[in-house]
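Observations on the three-dimensional arrangement
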Amino acid sequence: MNNFDFYSPTEFVFGKGTESRTAELVKKYHGTKVLIVYGGGSVVRSGLLDKIKKELDEAGIPHVELGGVQPNPTDPKVYEGIELGRREQIDFLLPVGGGSVIDTAKAIAMGIPYEGDFWDFYINKAVPQKAVPLGVVLTIPAAGSEGSGNTVITKLDGLKKLSVRTHGLLRPTFAVMNPELTYTLPAWQTACGVTDMMAHIMERYFTNTEDQEVPDRMCEGTLKAIITEALRVMKEPTNYGARANLMWAGTIAHNGTCGVGAVEDWASHFMEHEVSAIYNVTHGAGLAVIFPAWLTYMASHHVGKVAQYANRVWDVPESDDKKAMALEGVARLKAFFHAIGIPVTFKELGIEHPDIDLLVKKLHENKGQYVGCYVPLDAQATREIYELAN
Ligand code: NZQ
Ligand code: ZN
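Scoring rules and cut-offs
Residues numbered from 1 in each chain as written. Chains lettered and ligands numbered in written order. Predicted model: local features only at pLDDT ≥ 70, side-chain atom pairs only at ≥ 80, totals over all residues. Helix = DSSP H or I, 4+ residues; strand = E, 2+ residues; numbered from the N terminus. Rg over C-alpha atoms; globule rule 2.2 N^0.38 Å. Buried ≥ 20, exposed ≤ 12 C-beta atoms within 10 Å, placed from the backbone. Contact = placed C-beta atoms within 7 Å. UniProt positions renumbered as here; feature names shortened; annotations may be inferred. Pairing = 2+ DSSP bridges. Expected span 1.5 Å × (residues − 1). Axes fitted to C-alpha atoms, helices over the stretch in contact; angles between N-to-C directions. Parallel < 35°, antiparallel > 145°, perpendicular 65-115°, else oblique. Nonpolar A, V, L, I, M, F, W, Y, C, P; charged D, E, K, R; others polar. Left-handed = near helix turned anticlockwise from the far one by under 90°. Near = placed C-beta within 6 Å. Core = buried A, V, L, I, M, F, W, Y, C linked by C-beta atoms within 7 Å.

Under an unreviewed UniProt entry, the name given to the protein is Iron-containing alcohol dehydrogenase, and the source organism is Bacteroides mediterraneensis.

Pasting the structure below:
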C-alpha cells in the first residue's frame, strides 16, 4: 500500500425524506443566493424541483435556475451557467439530478471566478484555484460525482470528452441522497448506473500496488453487494433496501475509499469516454462494452488480478489455469450485464461499424502514448481491445 492522502469532506445526508433538509443544508454551508441546475425534466415531472424551490423560498434563500442539461453534458450549457451565475451574483450551486447535472454545476463553479475559458481546466492549460461551493441533491446512483472531486464535460467542437480531477476543490459540501427518488428511474438508467459504479471499483481494483488487502476486500465485497442488489432492483424497482444499497454503493465506488494507496488504472474509462463522445451512448452502457474486452485482453497479458477477481467476485473455482479462470470470470460478468439488460458488444449497443481508427486516434491524442497503469496500453493494444469489444 502506497502513501495516500484521503480527503472526503462531503456531508452525506442519506435516507427517506432527506430532500426536505436541502434548504437547511444550503444555509449551513453559507449559500445566500443559489443557482439550481437540473436536467431534461425528470425532476420537473417528479415534483422534486418545485419542492426544493418552495423550501428555499420558505427559508428566504433567493434562487435562479438553469435547466436542460443533457446526458453526456456539453460545454454550451456551462457557458450559459457561468454567465447566469455571474449576472445573478450567486454564491452557491445546487445541482438536482445525476452525474451530468452535477458535472455541469462543477464546471460552472470553477468557471465563475476564473477570468479565462473554463475549458482551460479540462485541457490542463490551467489548474483551478477557486470554485463556488456546491451542494447536491442526487437522483441517480451511477457516476459518483456527489462524492468525487471530478467533472467530465464534452466540448462540442471536436467532440472531446475530458475530465478535471481535483483533490478537494470540487467535492460537494453536502449530498442529499434519498433512495426513494430513484424509484422513477427507467430500468435502462438503473442498469447503466450499476455498470458505471462497478467500473469505478474495478478501475481501482486492477492495480499492481501490493498489500492492498483492505481496499481489495472492500472492492470485492461492494461488487458482490452491487450484483445482488442490482438483480433485486430489476425485479422490484421500488424495493427501498435494494435502492438504498445501490445508492450508497455508487458513492463509495467513487469517493476514493476503494482505491486508497493504489495506483489506479482508468484505461477503460478513457476508452469509453471516446465512445460516448463520438456516439453519444450512455456512459455505463459504453463501459459494459469496453470493460469485458479490457479484461479479456488482460487475461492474456497480465492475468494475476483478473483471476483473483474471477474467484473472489464471481466464485470461479481456483485452478492452476489462471487464464481459464479469468475468462470464466469475464463470461460471468457479461452474463450478469445481459441479465440486467445491458449490451456487451458494440453491435448490441447499436454501433454496427465502430470507427476504431478514429477511437484510437482520439484516445491517444487526448490521453498520450500510453493509457492505463495495470498494463500501460499503446495504440496497438487499445486497438486490440476496441476490436475485442466489436
Ligand atoms: O435529464 P433528466 O430528465 O433529469 O433525466 C436523466 C437522464 O436522462 C435521468 N434521470 C436521472 N435521475 C432520474 C432520471 N430519470 C428518472 N428518475 C430519476 N430519478 O437519467 C438520465 C441520465 O442522467 P445522467 O446525469 O446523465 O446520469 P449519470 O449519473 O450516469 O451521469 C453520467 C455522466 O457522468 C459522467 C459520465 O461520463 C456522464 O457524462 N461521469 C462523471 C464522473 C464524475 N464526475 O466523477 C465519473 C464517471 O466515471 C463518469 O464519467
Ligand atoms: Zn464512470
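Having seen the structure, we can now continue with the description.
Right, let's get into the overall build of the protein. Assigned secondary structure in the protein consists of 14 helices and 8 strands. Rg of the C-alpha trace for the protein: 20 Å, near the compact-globule value of 21 Å for 390 residues, within the 12% margin. Dimensions of the protein, computed from C-alpha atoms along their principal axes, come out at roughly 65 × 45 × 45 Å. Out of the 390 residues belonging to the protein, those deemed buried represent 52%. Pairs at least 24 apart in sequence give 77% of the contacts found in the protein among residues at least 6 apart.

This part takes up the UniProt feature "domain: Fe-containing alcohol dehydrogenase-like C-terminal" (unreviewed entry) in the protein. In the numbering adopted here, UniProt assigns the feature "domain: Fe-containing alcohol dehydrogenase-like C-terminal" (unreviewed entry) to residues 191-367. Between the first and last C-alpha atoms of residues 191-367 the distance is 28 Å; the span itself is 70% helix and 0% strand.

This paragraph deals with the pairing of strand β8 (residues 174-177). Judged by which residues are buried, β8 turns out to be covered on both faces: Phe174 and Val176 on one side and Ala175 and Met177 on the other are all buried. Looking at chain direction, strand β1 (residues 11-14) and β8 are connected through 4 bridges and run parallel. Bridge pairing in β8 links Val13 to Val176. With 4 bridges joining them, strand β5 (residues 135-138) and β8 adopt parallel strand pairing. Across the sheet, the residue bridging to Val137 is Val176, located in β8.

Once that is clear, we can look at the environment of Asp196. Its place among the elements puts Asp196 in helix α6 (residues 187-205). Each C-alpha atom of the pair Asp196 and His283 lies 7.2 Å from the other, and the pair is 87 residues apart in sequence. Sequence-distant contacts of Asp196, defined by excluding residues within four places in its chain, comprise Ala142, Ala143, His283, Gly284 and Leu287.

As a further point, take unusual backbone geometry. For Asn280, which is not glycine, the phi dihedral falls at a positive 50°. Relative to the helices and strands, Asn280 resides in the loop between α9 (267-279) and α10 (283-301).

Further remarks concern the pairing of strand β7 (residues 160-165). As paired strands, strand β6 (residues 150-155) and β7 are joined by 6 bridges and run antiparallel to one another. The partner of Val152 across the bridge, within β7, is Ser163. What sits between β6 and β7 in their antiparallel hairpin is a turn of 4 residues, with Gly158 showing a positive phi close to 95°.

Quick look at helix α7 (residues 213-235) now. Look at α7: 34 Å from first C-alpha to last across 23 residues, which is about the 33 Å you get at 1.5 Å a residue. Inspection of α7 places Pro215, Asp216, Met218, Cys219, Thr222, Leu223, Ile226, Glu229, Ala230 and Val233 among the buried residues, and these make up the whole buried set. Looking at the buried positions of α7, the neighbouring elements they touch are α6, α8 (240-252) and α11 (304-314).

As a further point, take the packing of α10 against helix α12 (residues 322-339). Relative to each other, α10 and α12 sit at 170°, their axes nearing to 9 Å. As the angle between them shows, α10 and α12 are arranged roughly antiparallel. Here Ala288, Pro292, Leu295, Thr296, Ala299 and Ser300 of α10 come into contact with α12, specifically with Lys323, Ala326, Leu327, Val330, Leu333, Lys334 and Phe337. Looking at the contact of α10 with α12, its residues break down into 9 nonpolar, 2 polar and 2 charged.

Moving on: the packing of α9 against α10. One way to put it is that α9 packs onto α10 with a least axis distance of 9 Å and a crossing angle of 130°. Classified by the interaxial angle, the pair formed by α9 and α10 is oblique. Here α9 runs over α10; the crossing is right-handed. Of α10, the residues touching α9 (which contributes Ala267, Ser268, Met271, Glu272, Val275 and Ser276) are His283, Gly286, Leu287, Ile290, Phe291 and Trp294.

Looking at ligand 1, there are 34 residues lining it, with Gly39, Pro71, Gly98, Gly99 and Ala142 nearest. The set of elements that each furnish at least two residues to the shell around ligand 1 consists of α2 (42-45), α5 (99-111), β6 and α6. In terms of residue count, the dominant contributor to the shell around ligand 1 is α5 (4 residues). Partitioning the shell around ligand 1 into residue classes produces 10 nonpolar, 22 polar and 2 charged.

Residues Val37, Leu93, Leu94, Val96 and Ala109 are the most contacted members of the largest nonpolar core, which totals 122 residues. A total of 12 residues in this core trace back to one element, the largest contributor, which is α10. The contacts of Leu94, once residues within four sequence positions are left out, are Val26, Val34, Leu35, Ile36, Val37, Leu134 and Gly135.

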